[in-house]
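Now for the letters of each chain:
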Amino acid sequence: MTDEKDLRSLLEKVAHGNVTPDVALELLKNLAYESVGEFAKIDHHRQLRTGFPEVIWGPGKTLAQITQIMEAMRLRNPVVMATRIEPEVYAALQAKIPDLRYFDLARICAIAPPTIEPQYSGNIGILSAGTADLPVAEEAAVTAELSGFRVERLWDVGVAGIHRLLNNRHVIDSASVLIVVAGMEGALPSVVAGLADCPVIAVPTSIGYGASFSGLAPLLTMLNSCAAGVGVVNIDNGFGAAVLAGQILRTANKLKLPS
């Protein structure tokens, strides 16, 4: 946790006019973290610096470690998220944290209020090429919603039946940012970007036959897109796509001129 002597010293300098509030804020952005046991240091000020709180990566951590980290984080954050949590891990966690919520398709568990009102104008449209891509697409959708963004979903509209996408053109037209999730050859983001007037974040998934190389083929397709305005995140990284989309919306809101 933040060192009390350093914090008191900084506050006294602000009180005496030796440090401006703006300078103090910049210093505080890099000050606070909390040790949990001997295995974790929670970055409590990450939201102050970046706009998003720290999120727990589930795989590789023990049940006791995840539990202790979540219990420490809930004291400072209204929403605490852990990603890539399998159902059996969630069941064990809920026995220790009864109010823990689980989003099974996204494999996200969270301590969060039942409803979270959007904090920013604009919306994130999330499209999946196929039903098999839904775990990654839902990871993006749930992450965005828990972070306070408005989300519109459109599933199973891949290029093998392009009329399904074109019949739902309104989702593309109404989006402020689009996340497009696809495996196999990964063509959908290029098609969508050719129709959209907003940023498109492409997410390759590891879905596909052998020559898709567990997501490498769609990753390369997306990186080589001939459509302008496409950014690409790593294979199966729905969480990263949601955070990037959120940063785009937050920046857009911040840059709006006063009316």
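Cut-offs applied
- Residues numbered from 1 in each chain as written.
- Predicted model: local features only at pLDDT ≥ 70, side-chain atom pairs only at ≥ 80, totals over all residues.
- Heavy atoms only, no water.
- Pairing = 2+ DSSP bridges.
- Helix = DSSP H or I, 4+ residues; strand = E, 2+ residues; numbered from the N terminus.
- Buried < 20%, exposed > 50% of the residue type's maximum accessible area, 1.4 Å probe, protein only.
- UniProt positions renumbered as here; feature names shortened; annotations may be inferred.
- Axes fitted to C-alpha atoms, helices over the stretch in contact; angles between N-to-C directions.
- Parallel < 35°, antiparallel > 145°, perpendicular 65-115°, else oblique.
- Left-handed = near helix turned anticlockwise from the far one by under 90°.
- Contact = heavy atoms within 4.5 Å.

- The name that an unreviewed UniProt entry assigns to the chain is Nickel pincer cofactor biosynthesis protein LarB, with the source organism given as Scytonema hofmannii FACHB-248.

Section: the sheet that holds strand β5 (residues 101–103)
- The strand order across the open sheet built from four strands is β3-β4-β6-β5, with neighbouring strands paired in mixed fashion. A single partner strand is all that each edge strand has here, and the edge strands are β3 (56–57) and β5.
- Of the pairings in the sheet, the one linking β5 to strand β6 (residues 108–111) comprises three bridges and is antiparallel in character. Across the sheet, the residue bridging to Y102 is C109, located in β6.

Focus on the environment of K13
- Among the structural elements, K13 can be located in helix α1 (residues 4–15).
- The partly exposed category is assigned to K13, whose relative accessible area is 40%.
- Along the sequence, K13 and N123 sit 110 residues apart, while their C-alpha atoms lie 42 Å from each other.

Section: the UniProt feature "domain: PurE" (unreviewed entry) in the chain
- As recorded in UniProt, the feature "domain: PurE" (unreviewed entry) lies at residues 122–254.
- Spanning residues 122–254, this segment combines 41% helix with 19% strand, and its end C-alpha atoms are found 12 Å apart.

A short note on the packing of helix α6 (residues 134–146) against helix α11 (residues 238–255)
- At a minimum axis distance of 7 Å, the contact between α6 and α11 shows a crossing angle of 40°. Between α6 and α11, the interaxial angle falls into the category oblique. In this structure, α6 meets α11 at a crossing whose hand is right-handed. Within the contact between the two elements, α6 uses V136, E139, A140, T143 and A144 and α11 uses G238, F239 and A242.

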